[in-house]
Amino acid sequence: MTSTPVIDVDRLTLRYGGFHAVKDLSFRVARGELYALLGTNGAGKTTALEVVEGHRRATSGTVRVFGRSPRDRRAVRHRVGIMLQESGFSPDLTVRESVALMGALSHREDRVGRVLDLVDLTRRAGTRVSQLSGGEKRRLDFAAAVYGRPELLFLDEPTAGLDIRSRDALWDAVDRLRAAGTTVVLTTHYLEEAQQRADRVGLMHRGSLHREGSVADLTRALPATIRFSLAPGAPTPRPPAVARPGGGFVVETFALQRELRALLTWAGGHGVELLGLEAGPTRLDDVLRSLDGT
Ligand SMILES: Nc1ncnc2c1ncn2[C@@H]1O[C@H](COP(=O)(O)OP(=O)(O)OP(=O)(O)O)[C@@H](O)[C@H]1O
């Protein structure tokens, strides 16, 4: 990483009383990157990001955002958009008033109408926040975060509760911001979204960063899988296929194409149909599951 990172976290530790929520955490995010901070429940992701966002003080360690302390609001705040897990909108304000208020607080230039259009809330502009559905509230949170096209965008569980159309629209909007150079930090439990979009992933567990790298880096050490079921009475396949406790069979392999070909040949030779056949590379889910034993 040659240029100054947008985010530079060095040996960050945060204690709640005697409990270490974040322990000696270091990571950097380069300009234009999408960095996904993932992990188990209670791993410390939200706590770490609260420090990076300037909402919380570290017990020890250093955090720099655009080379400044994130608590230096004057220097940093107008460059950053934040979509938290829970919105802080006043229930009595309308959608338009809420976006206008958040826009004014962001100190960035934009048009409320453009932002409402972006999140498909134009028809709800006059509706009070208290009358929005969960998904509409989430889109309002996103609208407030991307008002004025921030240089750095924090997305904490951005698609939780969104239907598929709204998810696609949100990711389209994020893609457009990224094309214009915005850096994105994402936390999510929808691992396939991180798998598809992250340039790099940091995996947190019990307060520490256990692994970091591209999705390819992280999944390389684990085997790919083939899953299928057989109709009752079908012959039993030979290893490496093994029966799964919940029914069906699984093959774990580092040679996906070869094992898949062998399996199809076996099925063809026995006149057997492989029901619900799925074959794919290792997923981030598998990597995260492997952390649970650590
Ligand atoms: N204000 C607080 N006081 C004391 N402990 C806290 C506080 N906030 C969080 N914790 C604890 O710190 C740990 C880390 O919590 P945090 O919310 O950062 O995890 P997370 O990785 O974001 O989890 P999740 O995926 O469940 O949202 C948890 O064990 C949590 O119970």
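Because the structure is predicted, anything quoted here is derived from the model rather than measured.

Caption draft 1: The pairing of strand 5 (residues 80-83), seen in detail. Neither face of strand 5 is exposed, since V80 and I82 on one face and G81 and M83 on the opposite face are all buried. Bridging between strand 5 and strand 6 (residues 152-156) involves four bridges; their strand directions are parallel. In the strand pairing of strand 6, V80 is matched with L152.

Caption draft 2: Quick look at the UniProt feature "domain: ABC transporter" (unreviewed entry) in the protein chain. In the numbering used here, UniProt assigns the "domain: ABC transporter" (unreviewed entry) feature to residues 7-231. Taken end to end, residues 7-231 comprises 32% helix and 29% strand; its first and last C-alpha atoms sit 53 Å apart.

Caption draft 3: Highlighting the site of the ligand. Taken together, Y16, F19, A21, G39, N41, G42, A43, G44, K45, T46 and T47 form the complete shell of residues around the ligand. Elements represented by at least two residues in the shell around the ligand include exactly strand 2 (19-29) and helix 1 (45-52). Counting residues per element, the shell around the ligand draws most heavily on helix 1, at three residues. Tallied by class, residues from the shell around the ligand come to four nonpolar, six polar and one charged.

Caption draft 4: Quick peek at the domain arrangement of the protein chain. Domain parsing of the protein chain yields domain 1 (7-218) and domain 2 (222-291). Each of domain 1 and domain 2 was reduced to a C-alpha centroid, and the two centroids are 38 Å apart. With eleven residues of domain 1 at the interface, the matching set in domain 2 holds six residues. Elements with a minimum of two residues in the side of domain 1 that touches domain 2: helix 7 (191-197), strand 8 (200-205) and helix 8 (215-219).

Caption draft 5: Seen up close, the pairing of strand 2. Where strand 1 (residues 7-16) lies against strand 2, seven bridges are found, and the strand directions are antiparallel. Across the sheet, the residue bridging to L14 is V22, located in strand 2.

Caption draft 6: Region of the structure containing the sheet that holds strand 6. With mixed pairing, six strands are arranged side by side in an open sheet as 5-6-7-3-8-9. Only two strands of the sheet have a single neighbouring strand rather than two, namely strand 5 and strand 9 (208-213). Each strand axis lies, on average, 15 degrees off the axis of its neighbour in the sheet, ignoring direction. For strand 3 (residues 34-39) and strand 8, the ladder comprises five bridges, and the chain directions are parallel. Looking at strand 8, one finds that A36 is bridged to V201.

Caption draft 7: Fine view of helix 1. Counting buried positions along helix 1 gives seven out of eight residues, so the element sits mostly inside the fold. Within helix 1, burial applies to K45, T47, A48, L49, E50, V51 and V52. Taken from the residues just after helix 1, G54 is the one with a positive phi, measuring 90 degrees.

Caption draft 8: Focus on the environment of P158. Positionally, P158 belongs in the loop between strand 6 and helix 6 (164-179). With 25 C-beta atoms counted inside 10 Å, the residue P158 sits in the buried group. Counting along the chain gives 124 residues from P158 to L34, while the straight-line C-alpha distance between them is 14 Å.

Caption draft 9: Spatial organisation of the packing of helix 3 (residues 95-106) against helix 5 (residues 134-146). Relative to each other, helix 3 and helix 5 sit at 30 degrees, their axes nearing to 8 Å. By the criterion of interaxial angle, the relationship of helix 3 to helix 5 is roughly parallel. Of the two elements, helix 3 crosses helix 5, and the hand of that crossing is right-handed. Across the interface between the two elements, V95, S98, V99 and M102 of helix 3 pack against L140, A143 and A144 of helix 5. Looking at the contact of helix 3 with helix 5 residue by residue, the class counts come to six nonpolar, one polar and no charged.

Caption draft 10: Quick look at the packing of helix 5 against helix 6. As a packed pair, helix 5 and helix 6 sit with axes 11 Å apart at the nearest point and diverge in direction by 5 degrees. Comparing their axes, helix 6 and helix 5 come out roughly parallel. Counting all contacts with helix 5, which are made through G135, R139, F142 and V146, the residues of helix 6 involved are S166, L170, A173 and L177.

Cut-offs applied
- Residues numbered from 1 in each chain as written.
- Predicted model: local features only at pLDDT ≥ 70, side-chain atom pairs only at ≥ 80, totals over all residues.
- Buried ≥ 20, exposed ≤ 12 C-beta atoms within 10 Å, placed from the backbone.
- Helix = DSSP H or I, 4+ residues; strand = E, 2+ residues; numbered from the N terminus.
- Pairing = 2+ DSSP bridges.
- UniProt positions renumbered as here; feature names shortened; annotations may be inferred.
- Near = placed C-beta within 6 Å.
- Nonpolar A, V, L, I, M, F, W, Y, C, P; charged D, E, K, R; others polar.
- Domains from an automatic or database assignment.
- Contact = placed C-beta atoms within 7 Å.
- Axes fitted to C-alpha atoms, helices over the stretch in contact; angles between N-to-C directions.
- Parallel < 35°, antiparallel > 145°, perpendicular 65-115°, else oblique.
- Left-handed = near helix turned anticlockwise from the far one by under 90°.

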